[in-house]
Amino acid sequence: MRRRRIVTAGLTAAAVGVLAAVTLPAVAGDDPTDGASRDATSQPAAAHDDLVDALRRDLGGSAADARTRLATERWATRTVDVLRDDLDAAYAGAWISQDGADLVVAVTDPAQLDRVRAAGAEARLVARSQQQLTGVKESLDRVGDAASPDLAGWYVDLADNTVVLLARPGAQSAARDFAATAGVPADAVRVDASDEAPVPLFDVRGGDPYFIGAGGRCSVGFSVVGGFVTAGHCGRPGDTTAGFNQQAQGVFQTSSFPGDDWAFVAVGDDWTPQPVVNDFNGNNLPVAGSVEAPVGASICRSGSTTGTRCGVIRAKDVTVNYPEGAVSGLTRTDVCAEPGDSGGAWLSGDQAQGVTSGGSGNCRTGGVTFFQPLAEILQVNNLTLVTTEDGAAPPTGVPTVAPTQPADPPQSPCADHTVLRDGELTRAGGRQIQPDGRFFRAGAGRHSACLQTPAGAAFRLTLQRFTADGWRTVAQGDRAGTAVTRLNFSGPAGAYRYRVEAGQGVGGYFLGFSVN
């Protein structure tokens, strides 16, 4: 049940990088002026040997140094909580010194320096308060959609009392222009040349689509340690995969078809196998184990074409004679499936059952579908299923970069595209940028898009490309029907985005787009 891939691996959803804050570990000690509160012997139960070893490994120093650092950080956390309130508008931020030995607190009022020193911290006089620095960053955030792809991100540097813009070498002037566009004073920002190219880290979830080389689309079965299992007819050892977002994902390690219909894909470090299955309705279904359900049990299947569909197990140990050859040991169900659902997950309750192999019929008129039982895949390949009982809690909701599809995408005339997004415009003149408020990169080729809008509404669809002069419209959609707009454009490699705008009427819309 392979489906021809439409978009090249060069099509990737991108986001401006955000630097994550690190929560400091807690250590006992309440009084910031009490030297004992910073004593390494007072660390809490949370400061286990494993944590201390990790600090030694990554930060250097001895075990005693690590414990002292933890105690200092606990004291510092409590001290900052007090000083932030006391200093009010004069507070300009706080940070731990590079060696982890001291707390530095910045203020804008010279009269507050002694208050900081009395609390046991090092005091520093600066020009801008933390509130002012936050205001500068928020000004940049408000015009983030206009940021050049050559900007990796921006953040507040408390120690330098400024906001830092990270720009690729040679793009520093573009970063300064971006700050000027935001109305930010030039002396409030610092532009650093950086080779950083932030990318999101992605979850592996059952049911999500993935793409094989340049030839097809299948669905993830279940997360296993190191990757995921799927159908063998989807790929052969050595075939590369891209995830739902067209980012490089993994490589087929083993595959068997015909005879059997299973495969194992090992994923890269950017991908984290999770014990969940996407139900394509905004939820992640937990995978607690793999106890096999009997004939007659209810069962549900999740796949990237038709979402989640349910039915009943009708027979086991079935041999199916596909055109490519016979496959034995399959389980027969009365659940429907369609091309692209291959490899997807089968659940009975919260127990993993197998991966989609093939079938007959479709989800409009009904059908029969077969799945490869999971037990054989795990046993033959010596794989370990990732489950919630391993201590991982199922995440809630759908990640912002994940595919968003209506409950029955095949009913949409726009669902044949590879990248699918939905949204809602609630006022005339309102607009949204897709995918997910950001942009995507694509090689030279033909862009095609389809926008489905509510009856009676007139939404405009435009394709924009980032140029030296900022985002410029390169194509507009032509209305092909009552509620469907289509767009086609052939262009060079670059950064692109779609803009959906409500010209008349409001409501939900569905956008599909591809590049080939």
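Nothing here was measured: the structure is a model prediction, and the numbers come from that model.

Thoughts on helix H6 (residues 374-381)
Helical geometry: 3.6 residues make up each α-helical turn, so side chains three or four residues apart lie on a common side. Buried residues of H6: Leu374, Ile377, Leu378 and Asn381, and no others. Each buried residue of H6 sits inside an arc of 90 degrees when the element is viewed along its axis, so together they form one side. Opposite the buried face of H6, by more than 90 degrees, sit the exposed residues Gln379 and Val380. Asn382 lies just past H6 and shows a positive phi near 55 degrees.

Some words on the nonpolar core
By size, the foremost hydrophobic cluster in this structure holds 24 residues, and its most contacted members are Leu140, Leu151, Trp154, Leu165, Phe178 and Val184. Those elements giving two or more residues to this core turn out to be strand E2 (91-96), strand E3 (103-107), helix H4 (130-142), strand E5 (151-157), strand E6 (162-167), helix H5 (172-181) and strand E7 (189-193). Not counting residues within four places of it along the chain, the set of residues in contact with Leu140 comprises Trp154, Val163, Leu165, Phe178, Ala179, Ala182 and Val184. With 21 residues, the next largest nonpolar core counts Phe440, Tyr498, Ala502 and Val515 among its residues.

Things to note about the sheet that holds strand E4 (residues 122-125)
Strands sit in the order E2-E3-E4 across an open sheet of three strands; the sheet is mixed. The strands lining the two open edges of the sheet, one partner per strand, are E2 and E4. Going across the sheet, the axis of each strand differs from the next one's by a mean of 20 degrees, ignoring polarity. As defined by bridge partners, E2 adjoins E3 across four bridges and the pair is classed as antiparallel. Following the sheet pairing, Tyr91 is matched in E3 by Val107.

Quick notes on H5
Within the span of H5, buried status applies to Ala175, Phe178 and Ala179. Down the axis of H5, the buried side of the element spans an arc of 100 degrees, and every buried residue falls inside it. Along H5, the residues that are exposed and aim more than 90 degrees away from the buried face are Asp177, Ala180 and Thr181. Lining the buried residues of H5 we find H4, E5, E6 and E7. Just beyond H5, the residue with positive phi is Gly183, at close to 75 degrees.

Digging into the sheet that holds E7
Across the sheet, three strands lie side by side as E5-E6-E7; this open sheet has mixed pairing. The sheet is open, and its two edges are formed by E5 and E7, each paired on a single side. Between one strand axis and the next, the sheet turns through 25 degrees on average, direction left out of account. In the sheet, E5 pairs with E6 via six bridges, with the strands oriented antiparallel. Across the sheet, residue Leu151 finds its bridge partner in E6, namely Ala167. Contacts from H4 reach E5, E6 and E7 within the one sheet, and its direction differs from that of E6 by about 35 degrees.

Conventions adopted
- Here the residue index of a chain counts from 1 through its sequence in written order.
- This being a predicted model, a pLDDT of at least 70 is required before a residue's local features are given, and a value of 80 or more before pairs of side-chain atoms are given or counted; all residues contribute to the totals for chains, interfaces and linings.
- The side-chain figures draw on all heavy atoms in the structure; neither hydrogens nor water molecules are used.
- Only protein chains enter the accessibility calculation, which uses a 1.4 Å probe; a residue whose area is less than 20% of its type maximum is buried, one above 50% is exposed, and one in between is partly exposed.
- Secondary structure elements are defined from DSSP: runs of H or I of at least 4 residues count as helices, runs of E of at least 2 residues count as strands, and each element is numbered from the N terminus.
- In this description, one arc is meant: the one made by directions from the helix axis to the C-beta atoms.
- For our purposes a nonpolar core is just a set of buried Ala, Val, Leu, Ile, Met, Phe, Trp, Tyr and Cys residues, chained together by side-chain atoms within 4.5 Å.
- The contact rule is simple, with two residues in contact once any of their heavy atoms fall within 4.5 Å.
- Two strands are said to pair when DSSP picks up at least two bridges between them.
- Axis angles are defined between N-to-C directions and span 0 to 180 degrees, where every axis is a line fitted to C-alpha atoms and, for a helix, only to the segment in contact.

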